[in-house]
Amino acid sequence: MSDISQRKLDHIDLVLREDVGMAGNPTGFGGYAFIPEALPELAPSDVDLGTTFLGRRFEAPILIASMTGGPQRGEDINRHLGQAAQALGLPMGVGSQRIIFEKPEALASFTAARAAGPDVFLLGNLGAVQLNYGFDPARVIEAVEAIGADGVFLHLNALQELIQPGGDTDFRGLLDRIEAVVKAAPFPVLIKEVGCGIAPETARKLAARGVAAIDVSGAGGTSWAKIEAHRAADPAQRTLGEVFGEWGLPTAVALRGCRDALPDFPLIASGGIRTGLDVAKAIALGADMVSFAMPLLEPATRSGEAVEAALRQILAELRATMFLIGVRDVATLRRSRHLLRTV
Ligand SMILES: Cc1cc2nc3c(=O)[nH]c(=O)nc-3n(C[C@H](O)[C@H](O)[C@H](O)COP(=O)(O)O)c2cc1C
């Protein structure tokens with residue numbers, strides 16, 4: 001098995017078995033509460049969760065976050081996520097596709113998502129830092145076209161690369177290289193972090209280079225420093241990962257800052273989103289779409305129906321929140337004044 005395949009399996013196992021979330025789910029959303037509307041003048045069935053993002057219509061403002069691909073287990077996971085995305089009319093991302101250039105047979109684990117979700121708005125994924133390690137815009141386009149995706153996420157993961165054995169840590173000159181991909185690609189290029197957050201000034205620089213959307217992916221949920229600390233054989237690397245286990249800008253803080261900096265720019269919130277109530281708070285704080293990974297991993301190891309059930313639960317919680325504050329649709333929730341800062 002290639003190093004990357006083994007790494008992907010380690011990541012899945014560690015997220016499923018170990019405590020690699022940030023202690024106390026410190027996303028910042030806990031510091032906000034909705035003002036209930038005792039007289040909503042609505043029935044729950046009046047609430048419309050539909051939304052438009054990047055010119056596409058989705059059944060709800062929820063994006064299945066980039067997770068995996070590569071080994072057989074990744075293929076099952078992507079097929080189940082694709083099935084649920086298709087059934088619920090939601091967009092989804094696959095995990096990093098770098099492996100397909102080292103191990104072409106890994107391609108099937110990504111195309112499984114498209115096969116299961118022929119109508120899904122599907123986003124490919126590559127580490128932006130790979131643009132300093134032999135990847136050029138043509139390769140990014142090849143990766144996206146190889147899986148029939150509609151766009152790509154380039155992820156920023158400086159902390160993870162720093163802790164990961166043999167990580168790629170040369171982040172110099174990446175803004176220009178990201179812009180080169182944006183200019184060459186015939187599809188939207190989105191940027192995401194992986195759980196440490198994107199600060200407003202960085203978001204502004206990325207938006208100025210033409211990226212289509214940014215997922216702030218803040219701190220509060222999955223900690224890649226903790227995951228890589230578990231994998232590190234070298235005690236010094238393990239300690240480094242543990243020290244930075246809670247590093248990052250909380251998701252709510254990153255989101256508010258980026259929304260203030262970029263009032264009309266497409267923003268996604270992820271990082272520790274665990275309930276439909278969190279989703280509603282993220283939208284009221286300025287997110288166009290909300291995304292999560294860890295809560296879907298375990299159901300995705302079982303079946304498409306299990307993923308669908310987990311997502312339906314979150315949709316029910318989102319609908320309940322909107323009903324309880326008397327908000328009929330997502331556009332109104334985005335403008336709503338029902339969210340109070342409580343701390
Ligand atoms: C098992 C697993 C694998 C992941 N792999 C990738 C990846 O390949 N590329 C990427 O951009 N993000 C990856 N992520 C990060 C997520 O997309 C997300 O940004 C992060 O986990 C924070 O969300 P969460 O707290 O809901 O898990 C992965 C997350 C998990 C749980």
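Whatever comes next refers back to the structure up there.
Residues numbered from 1 in each chain as written. Predicted model: local features only at pLDDT ≥ 70, side-chain atom pairs only at ≥ 80, totals over all residues. Heavy atoms only, no water.

Participant: How do you make sense of helix α1 (residues 3-17) when you look at a structure like this?
Facilitator: Compared with the 21 Å implied by 1.5 Å per residue over 15 residues, the 21 Å span of α1 between its first and last C-alpha is a close match. For α1, every residue scored as buried is listed here: I4, S5, R7, K8, L9, H11, I12, L14 and V15. (Helix = DSSP H or I, 4+ residues; strand = E, 2+ residues; numbered from the N terminus. Expected span 1.5 Å × (residues − 1). Buried < 20%, exposed > 50% of the residue type's maximum accessible area, 1.4 Å probe, protein only.)

Participant: Mind showing me how you'd approach the site of the ligand here?
Facilitator: Neighbouring the ligand are 22 residues, the closest being S66, M67, S96, T222 and R274. Here an oxygen atom of the ligand and a backbone polar atom of S66 are 2.8 Å apart. N125 has a polar side-chain atom sitting 2.9 Å from an oxygen atom of the ligand. In isolation the ligand has 610 Å² of accessible area, and contact with the protein removes 97% of it. According to the grid-proximity analysis, the pocket containing the ligand is the largest cavity. Top element by residues in the shell around the ligand is helix α13 (residues 294-302). It accounts for three residues. Of the residues belonging to the shell around the ligand, the class tally is nine nonpolar, ten polar and three charged. (Near = heavy atom within 4 Å. Polar contact = N/O pair within 3.5 Å; in protein donor to acceptor, adjacent residues only side chain to side chain. Areas by Shrake-Rupley, 256 points an atom, 1.4 Å probe, with all protein chains shown as cover. 1 Å grid on protein atoms, 1.4 Å probe; cavity = no way out; pocket = protein on both sides within 12 Å on 5 of 7 lines; lining within 4 Å. Sits in = over half its atoms within 2 Å of the grid points. Nonpolar A, V, L, I, M, F, W, Y, C, P; charged D, E, K, R; others polar.)

Participant: Explain the packing of aromatic side chains to me, please; I cannot follow it from the model alone.
Facilitator: Think of a pair of aromatic rings as described by two things: how far the centres are apart, and how the planes are tilted against each other in angle. Summed over the entire model, instances satisfying the criterion amount to three aromatic pairs. Consider the rings of F101 and F135, whose centres lie 5.3 Å apart with planes at 85°: the pair is edge-to-face. Residue F101 is located in helix α3 (residues 99-102), and its partner F135 is located in the loop between β6 (122-127) and α5 (137-146); the two are separated by 34 residues in the primary sequence. Assessed through its relative accessible area of 7%, F135 is described here as buried. With 5.4 Å between their ring centres and 65° between their planes, F244 and W247 make a pair best called edge-to-face. Lying across the ring of F135, R139 places its NZ or CZ 4.7 Å from the centre. (Phe/Tyr/Trp six-rings, centres within 6.5 Å; stacked < 30°, edge-to-face > 60°. Lys NZ or Arg CZ within 6 Å of the ring centre and 35° of its normal.)

Participant: Would you explain the pairing of β6 in this entry?
Facilitator: The side chains of a regular strand alternate, residue by residue, between the two faces of the sheet. Counting buried residues in β6 gives six out of six residues, a clear majority hidden from the surface. Here β6 shows two buried faces, one formed by L122, G124 and L126 and the other by L123, N125 and G127. Where strand β5 (residues 92-93) and β6 come together, two bridges link them in parallel fashion. Within the sheet, the bridge partner assigned to G93 lies in β6 and is L123. In this structure, β6 lies alongside strand β7 (residues 151-155), joined through five bridges in parallel fashion. What sits directly across from L126, in β7, is L154. (Pairing = 2+ DSSP bridges.)

Participant: Is there a simple way to think about the nonpolar core in this case?
Facilitator: Nonpolar side chains in soluble globular proteins tend to be buried together. If you look at the biggest cluster of nonpolar residues, it comprises 92 residues, and the most contacted ones within it are L154, I178, L311 and L333. Tallying contributions element by element places helix α14 (residues 304-324) first for this core, with six residues. F58, L63, F121 and L190 belong to the second-largest nonpolar core, a separate cluster that totals ten residues. (Core = buried A, V, L, I, M, F, W, Y, C linked by side-chain atoms within 4.5 Å.)

Participant: Sorry if this is basic, but what is going on with the layout of surface pockets here?
Facilitator: Gaps left between atoms show up when a probe the size of a water molecule is rolled over them. By volume, the largest pocket is sized at about 260 Å³. Lining the largest pocket are 13 residues, and of these L156, F171, L174, I178 and T202 sit closest to its centre. Split into classes, the residues belonging to the lining of the largest pocket amount to eight nonpolar, three polar and two charged. (Points joined across faces, edges and corners; volume = space filled by probe spheres on them.)

Participant: What exactly am I supposed to notice about the pattern of salt bridges here?
Facilitator: Side chains that carry opposite charge are capable of pairing whenever their charged atoms lie near each other. Throughout the structure, instances matching the rule amount to 17 salt bridges. Between R259 and D288 there is a salt bridge, with the nearest N and O atoms lying 2.9 Å from each other. Of this pair, R259 sits in helix α11 (residues 251-261) while D288 sits in the loop between α12 (276-284) and β11 (289-292), and the two are 29 residues apart along the sequence. Exposure class is identical for R259 and D288. Each is buried. A network of salt bridges, in which partner residues are shared, links D176, E179, K183 and R209. (Salt bridge = Lys/Arg side-chain N within 4 Å of Asp/Glu carboxyl O.)

Participant: Before we go on, may I ask you to explain the pairing of β11 in this structure?
Facilitator: On β11, burial covers both faces: M289 and S291 on one face and V290 and F292 on the other are all buried. Judged from the three bridges that link them, strand β4 (residues 62-64) and β11 form a sheet pairing that is parallel. Across the sheet, L63 pairs through a bridge with S291, a residue of β11. Relative to β11, strand β10 (residues 267-269) is paired through two bridges, and the arrangement is parallel. When the bridges of β11 are listed, A269 appears paired with V290. As for the winding sense of the linkage, the β-α-β connection from β10 through α12 to β11 is right-handed. (Right-handed = clockwise from strand over helix to strand, strands pointing away.)

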